[in-house]
Amino acid sequence: VFYSPWLTAAGAAALPLALGTLARFLLRRADRRLDAHADLSRYATEIHRTNLGLRALLLSAYAVLVYLLHWPLFVSHSLGLGGVLIVDRVAMLLPVLIGLGRYWAAAYPADVRLRGSTWTLGKFLEFRARTSAGTVLAPILLLSAAIEGLMRVPAIERSMVAWPFVEWLVYAASVFLLYVFAPLLLRAVWQAEPLPAGPLRAELEAVQRRAGFTCRDLLIWKTGGGRIANALVIGLMARLRYVIFTDTLLERMSPAEVGAVRGHEIGHARHHHLAYYFGFSLCLVLALTWAQSMLAPYLTPTRLGATFAELAGGALTLSVLGA
């Protein structure tokens, strides 16, 4: 199999550079069209189409880097990071992360125009890194580290040799622990703060009591001028469950409207949507594990880490780029 470390390094450097340059060109073209037609809806549609195209481009380019230029092999052998917990995973995703950063920098003017946001470029990039890449990347890395760490325990490693189904149990336990403790992680990543005491909090707590719903806390997700109105509930267990509102939503809605949003979030929990998400994630991880074990005999050594790299890169690309 042909492998050139220099060619691979060049490809990894070219990916984010090309994405940022193309994004800047396409978004500036959309700006010029808006100036000509003054139609914000057409502008929003063009931005959406541009996002879709850039997603496909980034994912395709990253697949070429992983499978044809053997980027995981470069990280594990040429850089000597193979087996270094988490560090090797971050290095595998570095071209995608840098590419996303360059895209966000190019997309900043469009975001300001569409949302009317007041944040600076620095605040915009920080918010995107924390709430988008951080939200997707941190769970992926923690799940990978948990699985790899458990598999390095001698007793578990021996059990996996004797009973192959133990590997599936390791994956299931890792996904479960991730879902249980994810709210604490996301609260820290999003820098969410408790909703201050006052009439609004009292009204929301009253809504919870009438619905028989409990959670650990009500939080404010500060966007720093981003003008993003949203709310969500996170957490499988009541003691580690949070309901989060963005500052824009609290500023623009009346207490009654916020209470209605709160009722919607309670509905997600009461109808077990969080448990469904956990079940879907568990089935997906187990299905991918099975597929990887079936394909393992046909993968060459140069594909080491390729499955993780492509899946994680795809999750980042599809979940983050258009956010």
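None of these values were measured; they are calculated from a predicted model. (Residues numbered from 1 in each chain as written. Predicted model: local features only at pLDDT ≥ 70, side-chain atom pairs only at ≥ 80, totals over all residues. Heavy atoms only, no water.)

Student: Would you mind going over the packing of helix α6 (residues 154–162) against helix α7 (residues 165–190) in detail, with residue names and values included?
Tutor: At a minimum axis separation of 6 Å, α6 and α7 run at an interaxial angle of 130°. By the angle between their axes, α6 is oblique relative to α7. Of α7, the residues touching α6 (which contributes I156, S159 and M160) are V166, E167 and V170. Looking at the contact of α6 with α7 residue by residue, the classes come out as 4 nonpolar, 1 polar and 1 charged. (Axes fitted to C-alpha atoms, helices over the stretch in contact; angles between N-to-C directions. Helix = DSSP H or I, 4+ residues; strand = E, 2+ residues; numbered from the N terminus. Parallel < 35°, antiparallel > 145°, perpendicular 65-115°, else oblique. Contact = heavy atoms within 4.5 Å. Nonpolar A, V, L, I, M, F, W, Y, C, P; charged D, E, K, R; others polar.)

Student: Describe the side chain of R130, listing the residues and the values that go with them.
Tutor: Relative to the helices and strands, R130 resides in helix α5 (residues 121–151). Residue class for R130 comes out buried when judged on its relative accessible area of 16%. When sequence neighbours within four positions are dropped, the list of residues in contact with R130 reads T135, V189, W190, Q191 and K222. (Buried < 20%, exposed > 50% of the residue type's maximum accessible area, 1.4 Å probe, protein only.)

Student: Tell me about the sheet that holds strand β4 (residues 242–246), and please be specific about residues and values.
Tutor: Taking strand neighbours across the sheet as the criterion, the 4 strands line up as β1-β2-β4-β3 in an open arrangement whose pairing is mixed. Where the open sheet ends on each side, the last strands, each with one partner, are β1 (193–194) and β3 (231–234). In this sheet, strand β2 (residues 217–221) lies alongside β1 in antiparallel orientation, the contact comprising 2 bridges. Paired with E193 across the strands is I220, a residue of β2. (Pairing = 2+ DSSP bridges.)

Student: Provide a residue-level description of unusual backbone geometry, including the pertinent values.
Tutor: Glycine aside, residues mostly have negative phi, and peptide bonds are mostly found in the trans state. The phi dihedral of H70 falls on the positive side, at around 60°, and the residue is not glycine. Here H70 lies in the loop between α2 (40–67) and α3 (71–78). Even without being glycine, H272 reaches a positive phi, approximately 65°. Within the element layout of this structure, H272 appears in the loop between α10 (255–270) and α11 (273–295).

Student: How would you explain the environment of L54 if you had to name every residue and give the values?
Tutor: Within the secondary structure, L54 sits in helix α2. For L54, a relative accessible area of 1% gives the class buried.

Student: Outline helix α4 (residues 87–115), listing residues and values.
Tutor: Given a rise of 1.5 Å per residue, 29 residues ought to cover 42 Å, yet the end C-alpha atoms of α4 are separated by just 36 Å, more than 12% below that figure. At L94, α4 shows its strongest bend, of approximately 50°, with the proline P95 following within four residues. Backbone geometry just downstream of α4 places G116 in the positive-phi region, at approximately 70°. (Expected span 1.5 Å × (residues − 1). Bend = angle between axes of the 7 residues up to and from the residue.)

Student: Outline the pairing of β3, supporting the account with residue identities and numerical values.
Tutor: Here β3 shows a buried face lined by A231 and V233 and a second buried face lined by L232 and I234. Across 4 bridges, β3 lies against β4 in antiparallel orientation. When the sheet's bridge partners are listed, L232 is paired in β4 with I244.

Student: Report on the nonpolar core, specifying residues and quantitative values.
Tutor: One finds Y62, L65, W71, Y103, W190 and I244 to be the most contacted residues of the largest nonpolar core, which totals 45 residues. Examining the composition of this core, we find that 11 residues originate from one element, α4, more than from any other. What I244 contacts, discounting residues up to four positions off in sequence, is W190, L219, W221, N230, A231, L232 and I234. Among the nonpolar cores identified, the runner-up in size contains 18 residues, and F213, F245, V261 and A269 belong to it. (Core = buried A, V, L, I, M, F, W, Y, C linked by side-chain atoms within 4.5 Å.)

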